[in-house]
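# Report on the structure
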Amino acid sequence: MTRTGSSAGPHDVPTAAQLVAAVRDFLETDVLPAVEGRTRFHTRVAINVLGMVEREIELGPAQAEEHAARLAALGVADDAELAAAVRDGRLPDDHALVTALEQAVRAKLEVANPAHLHS
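Note that the coordinates shown come from a computational prediction; the quantities given were computed from them, not determined experimentally. (Residues numbered from 1 in each chain as written. Predicted model: local features only at pLDDT ≥ 70, side-chain atom pairs only at ≥ 80, totals over all residues. Heavy atoms only, no water.)

This model, assessed by the stated rule, comprises four salt bridges. Ionic pairing is found between glutamate 54 and arginine 24, a salt bridge with its closest N-O pair at 3.0 Å. With glutamate 54 in helix H2 (residues 37–74) and arginine 24 in helix H1 (residues 16–31), this residue pair connects regions lying 30 residues apart in the sequence. Take glutamate 54 and arginine 24: they sit in the same class, and that class is buried. Salt-bridge contacts for aspartate 88 lead to arginine 90; the nearest nitrogen and oxygen are separated by 3.6 Å. Three or more residues are tied together by salt bridges with common partners; here these are Arg24, Asp25, Glu28 and Glu54. (Salt bridge = Lys/Arg side-chain N within 4 Å of Asp/Glu carboxyl O. Helix = DSSP H or I, 4+ residues; strand = E, 2+ residues; numbered from the N terminus. Buried < 20%, exposed > 50% of the residue type's maximum accessible area, 1.4 Å probe, protein only.)

Pasting the structure below:
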């Protein structure tokens, strides 16, 4: 395994993130070069999915706390309430709202595809 992660709770190492990274590395290093066509495509998809899972395991808890704090600062409980408040005009279209939305999108991209943050 090439990546490290902190162990939380009753689970020993390797962590869930380390296990996911190990499978992803195996697919990338050993399987991908040995397959072609449809299997190669699906292997690439699996590698990408495992990368997303790994990043969500590592980043998700902190992102969830930060997102909850942003929502609370806007006076809403969750994304559905935020959407309704925006749709109904109950939230001002100001810097605080735009910043909260930008940070939410950035957090999603950090998990889904961090390369999009640098393009």
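Every buried residue of helix H3 (residues 79–87) is accounted for by Leu82, Ala84 and Ala85. Taken down its axis, H3 places every buried residue within 165 degrees of arc, on the same side. Projecting away from the buried face of H3 at angles above 90 degrees are the exposed residues Ala80 and Arg87. Capping of H3 at its N-terminal end is provided by aspartate 78; its side-chain oxygen lies 3.2 Å from the backbone amide nitrogen of alanine 80. Downstream of H3 by a residue or two, glycine 89 has a phi angle that is positive, lying close to 75 degrees. (Arc of directions from axis to C-beta. Polar contact = N/O pair within 3.5 Å; in protein donor to acceptor, adjacent residues only side chain to side chain.)

Turning our eyes to something else, we now look at the confidence of the model for the chain. Within the chain, residue pLDDT values average 92, and 92% of them lie at 70 or more. This model gives residues 1–5 a pLDDT under 50, and the stretch forms 12 contacts once residues within four places in sequence are excluded. (pLDDT = per-residue confidence, 0-100. Contact = heavy atoms within 4.5 Å.)

A separate point is the nonpolar core. Core analysis: the biggest nonpolar cluster contains eight residues, these being Leu71, Leu74, Val76, Leu82, Ala85, Leu91, Leu97 and Ala100. Within the residue set of this core, elements represented by two or more residues are H2, H3 and helix H4 (95–112). Beyond its immediate stretch of four places on either side in the chain, alanine 100 contacts Arg70 and Leu74. (Core = buried A, V, L, I, M, F, W, Y, C linked by side-chain atoms within 4.5 Å.)

Our focus in this paragraph is the environment of valine 31. By the element assignment, valine 31 lies in helix H1. According to the relative accessible area criterion, valine 31 is buried, its value standing at 19%. Sequence-wise, valine 31 and threonine 43 are 12 residues apart; in three dimensions their C-alpha atoms are separated by 7.6 Å. The contacts of valine 31, once residues within four sequence positions are left out, are Phe26 and Thr43.

This paragraph deals with a nonpolar patch on the surface. A grouping of Phe41, Val45, Val49, Val53 and Ile57 is seen on the molecular surface, where their side chains present a nonpolar patch of about 390 Å² in accessible area. Along the chain, valine 53 falls in helix H2. (Patch = residues over 30% accessible without salt bridge, like charges linked within 9 Å, V, L, I, M, F, W, Y side chains within 5 Å. Areas by Shrake-Rupley, 256 points an atom, 1.4 Å probe, with all protein chains shown as cover.)

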